[in-house]
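# Topology and contacts: notes
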Amino acid sequence: MNLYAFITFSIVSLCFCEECRLNTRSPEMETERNLRKKLTKCYAEILKPPVNKNSNTVVVKMDYLLQSFNFDPNEEILTLYSWNYFDWQDDRLTWKPEDYKDIKSTQVSSFDIWSPGLKLINTADADDFDFFYTKCRLNSTGHVRCVIRTEHKVFCTSDLTNWPYDTKSCTLQFDQWRPQETKVFFNLSHIKFVMQAYLNAGWMIAREKIFKNLTTGIQSAVKFDFERLAEGLEAIIVVPAFVISVLTVTALLLDYRHINRLGILFMSLISHFIFSNEVADNVPKHSANTPVILSFISCSTLVTVICFVLSFYFKFLGKLKTQPPTWIVSYNDFVFDGYGKYGVFTKWEVIEQDPEVKPNVEWVNFISIANSLCLCIVIITYIYLLSAYIPKKPVFTFVFDIA
């Protein structure tokens, strides 16, 4: 019982007896403590926005230092991790350094003074809070600087037209969040990056732009344009497109009588289906735009099927022993007796020389002309498809401001 009474008496003495407490503060620390008490003495008034003599607007200079970013697995939501620097002038928080042992600056809590509230209007996070708590640096001239670490989440719009070199556009819309008589204007001048902060998670910030004095409810906005780093996807998407094109064209250079021609065309056709499945597994699903690579695959598949069918038809014509129509014979003579013979790239000969095979020679000549014409059309078609529907890596000239 005596032990409990002694403990209780000791606690009460420490709480109410100033002389019994052990004061470990240095004179400088005690002076700074008294300074902070003096500055925050009128707590209710300090929490009000500072009044400017010329207008009712408080200008808060804001610096946005991007630390890192990432996209969610579906690449719809962007998360930005940054440091926000807020600087403003509050004449109520001034003092004479000579009155406080030449103390020119001190630290105060953002809850003990008025601090601006910046709200992300288009946040994608339901748990995003508008207020913040941090330590602020206060100078004797009344200049206040607060630094906070923020995490902002916003929805992004994707443009998959040039996938895998696709781009994303993400906009952050800011405004003050506390309704008050004094208007707070956030002067966001530029954005800085921490070292390699513009590169992350397979994406690169290609450009950024700041918008000011926007419509009601949005004071300023920051727009980020992202470009995908597609070196890996290039190897499995862009390169195979060239390979299957060369494969189809090469097959048309082979003799129509050889089974290798049909075999290469069949392999090219199978490659198209494998290629389309690979694209379907890797292409993002959340966009209104259709990747141009899909148009290339569909057109190239159609070209390969036509070449495959024509090869079967050429093989059938080459086995005919009947006399070809007169217009085919006249057409063959017109081509081979004129300059057209220089345009026949695939000229095949008939080995047999007996008179009964004569009609077959005309069929072979017709097949040679038709195959050369088909080859030219296919080459021109693929040149157009490769130039129009193969994604091209965009070229950006952008200078980053590195902190």
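The paragraphs below set out a description of the structure included in this document. Bear in mind the structure is a predicted one, so any value in this text is a computation, not a measurement.

### Digging into the overall build of the chain
- Scanning the chain for helices and strands turns up eight helices and 11 strands.
- The buried share of the chain, taken over its 403 residues, is 39%.
- In the chain, the share of contacts with a sequence separation of at least 24, taken over all contacts with a separation of at least 6, comes to 76%.
- Counting only carbon and sulfur atoms, one obtains 61% of the accessible surface of the chain, whose full area is about 22,900 Å².

### So, the nonpolar core
- One finds Tyr64, Phe69, Leu78, Phe224 and Phe226 to be the most contacted residues of the largest nonpolar core, which totals 45 residues.
- A total of seven residues in this core trace back to one element, the largest contributor, which is strand S1 (residues 57-71).
- What Tyr64 contacts, discounting residues up to four positions off in sequence, is Leu80, Ser82, Trp83, Asn84, His152, Leu172, Phe174, Leu188, His190, Ile191, Lys192 and Phe224.
- Within the second largest apolar cluster, 29 residues are counted, among which are Val279, Val303, Cys307 and Val378.

### Let's talk about the packing of helix H5 (residues 259-282) against helix H6 (residues 292-318)
- Taken N-terminus to C-terminus, the directions of H5 and H6 make an angle of 160°; their axes are 10 Å apart at the nearest point. Taken as axis vectors, H5 and H6 run roughly antiparallel relative to one another. As for the relative orientation of H5 and H6, their crossing is left-handed in sense.
- Among the residues forming the contact of H5 with H6, the class breakdown is 14 nonpolar, seven polar and two charged.

### Considerations on unusual backbone geometry
- The omega torsion of the bond from Trp163 to Pro164 falls at 15°, within 30 degrees of zero and hence cis.
- Inspection of the secondary structure puts Pro164 in the loop between strand S6 (143-159) and strand S7 (167-176).
- Even without a glycine there, the phi angle at Lys101 is positive, about 55°.
- You can see Lys101 is positioned in the loop between strand S2 (77-89) and strand S3 (105-109).
- Accessibility expressed as a relative area gives 52% for Lys101, which makes it exposed.
- At Asp102, a residue that is not glycine, the phi angle is positive and equals roughly 60°.
- Tracing the sequence through the fold places Asp102 in the loop between S2 and S3.
- By relative accessible area, Asp102 is classed as exposed at 52%.

### Examining the packing of aromatic side chains
- Summed over the entire model, instances satisfying the criterion amount to 11 aromatic pairs.
- Relative to Phe71, the ring of Phe69 lies with its centre 6.3 Å away and its plane at 85°, an arrangement referred to as edge-to-face. For the pair formed by Phe69 and Phe71, the shared burial category is buried.
- Measuring from ring centre to ring centre gives 6.2 Å for Phe224 and Phe226, while their planes differ by 40°; the resulting arrangement is tilted.
- According to the relative accessible area criterion, Phe224 is buried, its value standing at 0%.
- In this structure Phe226 comes out as buried when scored by relative accessible area, which is 1%.
- Taken together through their ring pairs, the aromatic side chains of Phe69, Phe71, Trp203, Phe224 and Phe226 make up a single cluster.
- When the ring centre of Phe71 is taken as origin, the NZ or CZ atom of Lys168, which lies over that ring, is 5.6 Å away.

### Describing a nonpolar patch on the surface
- A surface patch of nonpolar side chains, about 290 Å² in accessible area, is lined by Phe266, Ile270 and Ile274.
- Structurally, the position occupied by Phe266 is in helix H5.
- By relative accessible area, which is 46% here, Phe266 ends up partly exposed.

### As for the side chain of Ser169
- With respect to the element layout, Ser169 can be found in strand S7.
- Judged by relative accessible area, which is 19%, Ser169 ranks as buried.
- Within polar-contact distance, the side chain of Ser169 engages the side chain of Asp225 at 3.5 Å.
- Dropping the residues within four chain positions of it, Ser169 is found in contact with Cys156, Thr157, Lys223, Phe224 and Asp225.

### Digging into the packing of helix H4 (residues 231-252) against H5
- Relative to each other, H4 and H5 sit at 160°, their axes nearing to 9 Å. Overall, the two elements H4 and H5 adopt an arrangement that is roughly antiparallel. The hand of the H4/H5 crossing is left-handed. Where H4 approaches H5, its residues Leu233, Ile236, Ile237, Pro240, Ala241, Ile244, Leu247, Thr248, Ala251 and Leu252 are matched on the opposing element by Arg261, Ile264, Leu265, Met267, Ser268, Ser271, His272, Phe275, Glu278, Val279 and Asn282.

### Side note on the pattern of salt bridges
- Under the counting rule described, the total for this entry stands at six salt bridges.
- A salt bridge links Arg228 to Asp166; the nearest nitrogen and oxygen atoms lie 2.6 Å apart. Here the residue Arg228 occupies a position in strand S11 (residues 220-228), and Asp166 occupies one in the loop between S6 and S7, the gap between them amounting to 62 residues. Judged on exposure class, the residue Arg228 and its partner Asp166 are both buried.
- Residues Asp255 and Arg257 are paired through a salt bridge, measuring 3.1 Å at the closest nitrogen-oxygen approach.
- Under the relative-accessibility criterion, Arg257 is labelled partly exposed at 34%.

Here is what the cut-offs are and how they apply
- Residues numbered from 1 in each chain as written.
- Predicted model: local features only at pLDDT ≥ 70, side-chain atom pairs only at ≥ 80, totals over all residues.
- Heavy atoms only, no water.
- Helix = DSSP H or I, 4+ residues; strand = E, 2+ residues; numbered from the N terminus.
- Buried < 20%, exposed > 50% of the residue type's maximum accessible area, 1.4 Å probe, protein only.
- Contact = heavy atoms within 4.5 Å.
- Areas by Shrake-Rupley, 256 points an atom, 1.4 Å probe, with all protein chains shown as cover.
- Core = buried A, V, L, I, M, F, W, Y, C linked by side-chain atoms within 4.5 Å.
- Axes fitted to C-alpha atoms, helices over the stretch in contact; angles between N-to-C directions.
- Parallel < 35°, antiparallel > 145°, perpendicular 65-115°, else oblique.
- Left-handed = near helix turned anticlockwise from the far one by under 90°.
- Nonpolar A, V, L, I, M, F, W, Y, C, P; charged D, E, K, R; others polar.
- Phe/Tyr/Trp six-rings, centres within 6.5 Å; stacked < 30°, edge-to-face > 60°.
- Lys NZ or Arg CZ within 6 Å of the ring centre and 35° of its normal.
- Patch = residues over 30% accessible without salt bridge, like charges linked within 9 Å, V, L, I, M, F, W, Y side chains within 5 Å.
- Salt bridge = Lys/Arg side-chain N within 4 Å of Asp/Glu carboxyl O.
- Polar contact = N/O pair within 3.5 Å; in protein donor to acceptor, adjacent residues only side chain to side chain.

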